[in-house]
There are 2 protein chains.
Amino acid sequence: MRTMGEGDEAVADVSRGRWETRAATARHAVTRSTGRPLGNISCGDLSRENRRRFPHLTAFVDGATRLSYPLFDERTTRLANALAAAGLQAGDRILWIGKNSVRCMELLVAAAKLGAILCPVNWRQSPDELAFVIDDIDALLIVCDPRGLEDTLKAARTSSRATRARWVEAAGEDGEYEALLASGSAVDLDLVVDAGSPLLAIYTAAHDGHPSAALLSHSALLNQAVWLAYMYDLDASDTFLCAGPMFHLGVYLFILPLFVLGGTTVIATRADAETICRLTVQERCTVAFPLMQYLIDEITELNRDARYDLSSLRTSSHSPGWDAMVTLDHSRAARGSRWGQSETTGGVTWYGVGQDSQSRFGRSSPFVLVRVVDETGAELPVGEVGELVVRGTVVANGYWNREELNAETFGDGWRHTSDIGKREADGSITFIGPKGNMIKSGVENIYPVEVERVLRSHPSVADAAVIGVPDEKWIQSLKAIVVPASGCSPTQDELIVHCKQKLASYKKPRSVEFTESLPRHDGRIDYDELNRRHGGGGYPGGSTRSY
Amino acid sequence: MRTMGEGDEAVADVSRGRWETRAATARHAVTRSTGRPLGNISCGDLSRENRRRFPHLTAFVDGATRLSYPLFDERTTRLANALAAAGLQAGDRILWIGKNSVRCMELLVAAAKLGAILCPVNWRQSPDELAFVIDDIDALLIVCDPRGLEDTLKAARTSSRATRARWVEAAGEDGEYEALLASGSAVDLDLVVDAGSPLLAIYTAAHDGHPSAALLSHSALLNQAVWLAYMYDLDASDTFLCAGPMFHLGVYLFILPLFVLGGTTVIATRADAETICRLTVQERCTVAFPLMQYLIDEITELNRDARYDLSSLRTSSHSPGWDAMVTLDHSRAARGSRWGQSETTGGVTWYGVGQDSQSRFGRSSPFVLVRVVDETGAELPVGEVGELVVRGTVVANGYWNREELNAETFGDGWRHTSDIGKREADGSITFIGPKGNMIKSGVENIYPVEVERVLRSHPSVADAAVIGVPDEKWIQSLKAIVVPASGCSPTQDELIVHCKQKLASYKKPRSVEFTESLPRHDGRIDYDELNRRHGGGGYPGGSTRSY
């Protein structure tokens, strides 16, 4: 299955707290049980403990399959042993391509027991996008459930240049996956895996036109799981309806808290109204992956005659019809909003930490530190807008195979989130938006996203963008490009005054041009085109990358 | 203040997961901010974050002193800088001798910022016991508040052989402590301290007649704090009345959860009924260090006329009079019992984890793994009695300066707790009692504590002990020494049958002798004396150490 040594030098390893370019480093994360570090708990250890402490509880339900904690642990041991026999080692990647399945969780915990990394890939991507991921992650093993994805998969395999990966088909009870699993011994090798080593790879933020995989460690996942148990008030009596896609970090933020506490996850392959209702009734589900508005409306409509008893489900308030069907969630997490990203294993700041706050995004959780910094990395005073940087046990180890990007965004010991925000006087953090371009006017740094948000809050404005144009005195000054709201004719002065009331004076646009629509690409404003049309560009002193 | 190099070789350092004999290792835990590990959060980092996120909240109240989170952080920075200037380095010990004071917490966080270790010592000890601790911990700095301890301190200093320690008096607002603190710069050096390095030293279990200091790391304290926040349902709106002694780990299990969440700790120097009532009313305290029965009775009596409004206080149910004064606690922790020790940062297993359980001690928390093992360290099947061993992020790094004991009780990667117990069929853990002697009868291991517990449960038995006596066939067999309950005359056969009904047959005593009282030393059964009196001893195959 593997040519030893081949590819090792080219493989980037992101070990705890820093990134290195040799896979060899990751190998050191795994040793035999002798010299076991007392304080280390891997996600494999957690499954081993669950087998012992939760013999009576159901870990996963997936269609007709019901796995108790002991059975789940045994299957992951068999799978890990089979993968080890096939040559898989610590630091190696496993790709999961398929709709929701408990097999994705089995692969995650089997990877945990080996010190390997699981990447559940977005199957909604185009064949070319999928082929990019297949080539980028350089997996030794690709496990796929082709049902419903036959054409995409075929095209992606044709486009992909990956040759060393072994493909295993996971469909059915007598397919390759089950045969592979059954070939593994049930005797747990009990390898010591460094809890700081990466376990879950989630493709996220696009840089230079391609997504990158954030690497989340065992301890990041475990610490965030316990924090989420606290915020969502979860325990072993909870059953999570996993209707969100398993390539999305969000579902793990419910699966893992329940896994550490003895709760049950019910895996839904489809996320339609009827499936959600049926499974909720059947399994008495108590929590669901945050449901989209349209889905809540569909369920409310479908269940008008109350044929489904959804009262076990704890959710946020939505509408009188919905609220009457479910149980309203009074957990801490339900009281407000949060800010975070996949690179921080989800939520970093939470409304309600440290009581109420000016910002609806609240304050940092105990497992992460937040700073607002300028472009040199120096901390900014309260109220000043800059980039949000974080560090802590829930922060990703880095991106897979992105040496330059890692140096740029993780290199100084803080994760640079590319999100801008500010600290309020009461210590809370206001998230303003993705960084985008920064404009330097005189000595002042101005983030267009902050000014655009203020412009869009004006009742006569439908859309707005801000660019920097050459200025004799200030090097650059701000120009706003505004799409008036239907039937409105705002004036330049009116909008500049509006900005001056809401922002520091140097952040106000010096001029406003009106247009019928803004150039956008994949929903994002195309600043290059805007600059061409309206005489902007250059952005001296600022980043030229648009996130 | 310090002779460089002197004593370094003799100083035992317990770094994360293993123990070493050279202090030099601990020094490596601290580096300058360059190369900062992303995933590392020390207790000093937490205070730095609190300064930013909780500018509006009160961290500590101690008499007339009220410290906001920013002010507390600034004071710990000044103190850390002053200590560094005086020569204190990572791995060095600071001793706190004094009744409850916020200065003990300031020293803890200052130590955290330097990578040093704080030991708050039991001031109720005799001068000789105190002198033993002073010599054993080999502190560079001893901070003492002599108020109420003048005679003990004087005698302890005379007995102590420690010569290199600098003594600083902490009494009053214009004493040595405040002068030292004021001499330190308010500029935070922001040293990187390994979260796995020890921070808090708590003297606990006596071995060979002397106590040993368990070393708890930053991450052990932080992880347990978040778990306790979950179990006790704590947040920033909570105020802890710290009436328990600050040399006891228990108080930190409330102080630290509130510290990570923005709550307030009110420090009581005295723990009498009047003080508790007065502070509860004055600060609207919501949680208190578990109050002793006698104290609850005293408060109930004192407050018969309801002159104190204690309704803010959330406690367990006790008596109708008490319950009517307070708010009953419905947190997860209030629903049942737990098992743990100082060496595990408190609770390891908790009733309610994984729903109900056969054992009132429940199941392990997510930050620790538990096994029941035989004397070779092999895991025992469900239902069999053995030693409880643990590992995980909340487990101590080891004992200070106890090379042999560490090898024995932490050496194989598991903390051997010296507590015996068993796993129930539902995965819960029953804690039976401290290990004591083990008796080997034939090939069977028998822990006297288990049999003694069964004997004492008989209505005709006031007290009981079990020893091993020579047996031709089984090498040893069990003999019970029983003190009958007043007015009762149990027979040998009756008690043997009682044991047989409750225990595996091989665990029943073969003979019973009756006596008027058991020889005890410091409350513990003196097995050596029992053996002499009743023909026991030897314990082939078992430990000869009585814990």
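Quick note: structure is the one above.
Residues numbered from 1 in each chain as written. Chains lettered and ligands numbered in written order. Predicted model: local features only at pLDDT ≥ 70, side-chain atom pairs only at ≥ 80, totals over all residues. Heavy atoms only, no water.

## Some points on the interface of chain A and chain B
- Taken together, the contacts link 60 residues of chain A with 60 residues of chain B.
- Counting each side, the surface lost to burial between chain A and chain B is near 4,900 Å², with a carbon and sulfur contribution of 55%.
- For the pair chain A and chain B, the interface holds 10 salt bridges.
- E49 of chain B is paired through a salt bridge with R371 of chain A; the nearest N and O atoms lie 2.6 Å apart.
- For the pair chain A and chain B, the number of links is 31 residue pairs in polar contact (both at pLDDT 80 or more).
- Every element with two or more residues in the side of chain A that touches chain B is listed here: α2 (43-53), α8 (218-232), α9 (249-261), β20 (363-364), β21 (368-373), β22 (386-392) and β24 (415-423) of chain A.
- Among the residues making up the side of chain A that touches chain B, the classes are represented as 28 nonpolar, 15 polar and 17 charged. (Contact = heavy atoms within 4.5 Å. Buried area = accessible area lost by both parts, 1.4 Å probe. Salt bridge = Lys/Arg side-chain N within 4 Å of Asp/Glu carboxyl O. Polar contact = N/O pair within 3.5 Å; in protein donor to acceptor, adjacent residues only side chain to side chain. Helix = DSSP H or I, 4+ residues; strand = E, 2+ residues; numbered from the N terminus. Nonpolar A, V, L, I, M, F, W, Y, C, P; charged D, E, K, R; others polar.)

## A short note on helix α7 (residues 176-183) of chain A
All names here are of chain A.
- Residues Y177, E178, L180 and L181 constitute the buried set of α7. Down the axis of α7, the sector holding all buried residues measures 160°, keeping them to one side. Summarising the geometry of α7, the exposed residues directed more than 90 degrees from the buried face are A182 and S183.
- If you follow the buried residues of α7, they end up packed against α3 (69-85), α4 (102-114), β8 (141-144) and β9 (166-169). (Buried < 20%, exposed > 50% of the residue type's maximum accessible area, 1.4 Å probe, protein only. Arc of directions from axis to C-beta.)

## Some details on the nonpolar core
- Grouped together as the largest cluster of nonpolar side chains are 195 residues, with contacts concentrated most on I94 and Y252 of chain A together with I94 and Y252 of chain B.
- Here Y252 of chain A is in contact with C104, M105, L108, P120, L200, M246 and P257 of chain A, once residues within four sequence places are set aside. (Core = buried A, V, L, I, M, F, W, Y, C linked by side-chain atoms within 4.5 Å.)

## Details of the relation of the copies chain A and chain B
- Between chain A and chain B, which share one sequence, the superposing operator has a rotation angle of 180° and an axial displacement of 0.0 Å; the RMSD is 0.2 Å. Expressed as an axis order, the relation between the two copies is that of a two-fold axis. No C-alpha of chain A approaches the rotation axis more nearly than that of Y230 of chain A, which lies at 2.5 Å.
- Interface overlap between copies is the fraction of interface residues in one copy that are interface residues in the other; for chain A against chain B it reaches 100%, indicating a shared surface. (Least-squares fit on C-alpha atoms with pLDDT ≥ 70 in both.)

## A look at the environment of R75 of chain B
All names here are of chain B.
- The residue R75 is located in helix α3 (residues 69-85) in this model.
- The sequence separation of R75 and A186 amounts to 111 residues, and the corresponding C-alpha distance is 7.6 Å.
- Ignoring anything within four residues of it in the chain, the contact list for R75 reads L67, E106, Y177, E178 and L181.

## Structural notes on the pattern of salt bridges
- Within the structure shown, the criterion is met by 77 salt bridges over all chains.
- Residue D135 of chain A pairs with R161 of chain A through a salt bridge whose shortest N-O separation is 3.6 Å. With D135 of chain A in helix α5 (residues 127-137) and R161 of chain A in the loop between α6 (150-159) and β9, the pair connects residues that are 26 residues apart, well separated along the chain.
- Among the salt bridges present, the one from K435 of chain A reaches E387 of chain A, with a minimum N-O distance of 3.4 Å. In this pair, K435 of chain A sits in the loop between β25 (429-434) and β26 (439-441) while E387 of chain A sits in strand β22, placing the two residues 48 residues apart along the sequence. We note that K435 of chain A, like E387 of chain A, is buried.
- Put simply, D45, R48, D188 and D190 of chain A together with R391 of chain B are held in one network by salt bridges that share partners.

## Some remarks on unusual backbone geometry
- Even without being glycine, D233 of chain A reaches a positive phi, approximately 55°.
- Tracing the backbone through its elements, the reader meets D233 of chain A in the loop between α8 and β13 (239-242).
- Taking relative accessible area as the criterion, D233 of chain A reaches 37% and is therefore assigned partly exposed.
- Of note in the backbone geometry, N401 of chain B takes a positive phi value of approximately 60° without being a glycine.
- By secondary structure assignment, the location of N401 of chain B is in the loop between β23 (398-399) and α13 (403-410).
- In this structure N401 of chain B comes out as partly exposed when scored by relative accessible area, which is 32%.

## Observations concerning the packing of aromatic side chains
- For the structure on display, the rule yields 26 aromatic pairs over all chains.
- A centroid spacing of 6.4 Å and a plane angle of 85° characterise the contact between Y232 of chain A and W350 of chain A, whose relative ring orientation is edge-to-face. With Y232 of chain A in helix α8 and W350 of chain A in strand β19 (residues 346-350), this pair connects stretches of sequence that are 118 residues apart.
- For W350 of chain A, a relative accessible area of 2% corresponds to the buried category.
- Plain terms: the ring middles of Y399 of chain A and F410 of chain A are 5.6 Å apart, the flat faces sit at 80° to each other, and that makes the pair edge-to-face. Here Y399 of chain A, found in strand β23 (residues 398-399), pairs with F410 of chain A, found in helix α13 (residues 403-410); they are 11 residues apart in sequence, far enough to count as distant. The two residues Y399 of chain A and F410 of chain A agree in class, both being buried.
- Grouping aromatic residues by their ring pairs yields a cluster made of F54, F60, Y69, F72 and F259 of chain A.
- Residue placement shows R157 of chain A over the ring face of W167 of chain A; its charged tip is 3.9 Å from the ring centre.
- One cation-aromatic arrangement involves R391 of chain B over W414 of chain B; the distance from NZ or CZ to the ring centre is 4.9 Å. (Phe/Tyr/Trp six-rings, centres within 6.5 Å; stacked < 30°, edge-to-face > 60°. Lys NZ or Arg CZ within 6 Å of the ring centre and 35° of its normal.)

## Observations regarding the sheet that holds strand β30 (residues 511-514) of chain B
All names here are of chain B.
- With mixed pairing, 3 strands are arranged side by side in an open sheet as β28-β29-β30. The open sheet has two edge strands with one neighbour each: β28 (461-471) and β30. Strand-to-strand, the axes of this sheet are offset by a mean angle of 25°, without reference to chain direction.
- One ladder, built from 4 bridges, connects strand β29 (residues 475-484) with β30; its direction is parallel. Note that in β30 the partner of V482 across the bridge is F514.
- With respect to the sheet, helix α14 (residues 448-456) is in contact with β28 and β29, its orientation differing from that of β28 by roughly 140°.
- Relative to the sheet, helix α16 (residues 527-534) contacts β28, β29 and β30, its axis offset from that of β28 by approximately 65°. (Pairing = 2+ DSSP bridges. Axes fitted to C-alpha atoms, helices over the stretch in contact; angles between N-to-C directions.)

## Remarks on the pairing of strand β13 (residues 239-242) of chain B
All names here are of chain B.
- Neither face of β13 is exposed, since T239 and L241 on one face and F240 and C242 on the opposite face are all buried.
- In the sheet, β13 pairs with strand β14 (residues 264-267) via 4 bridges, with the strands oriented parallel. Its bridge partner lying in β14, T239 is registered against T264.
- Crossover β13 to β14 through helix α9 (residues 249-261) is right-handed.
- Here β13 pairs with strand β15 (residues 287-288) via 2 bridges, running parallel. Of the residues in β15, the one forming a bridge with L241 is A288. (Right-handed = clockwise from strand over helix to strand, strands pointing away.)

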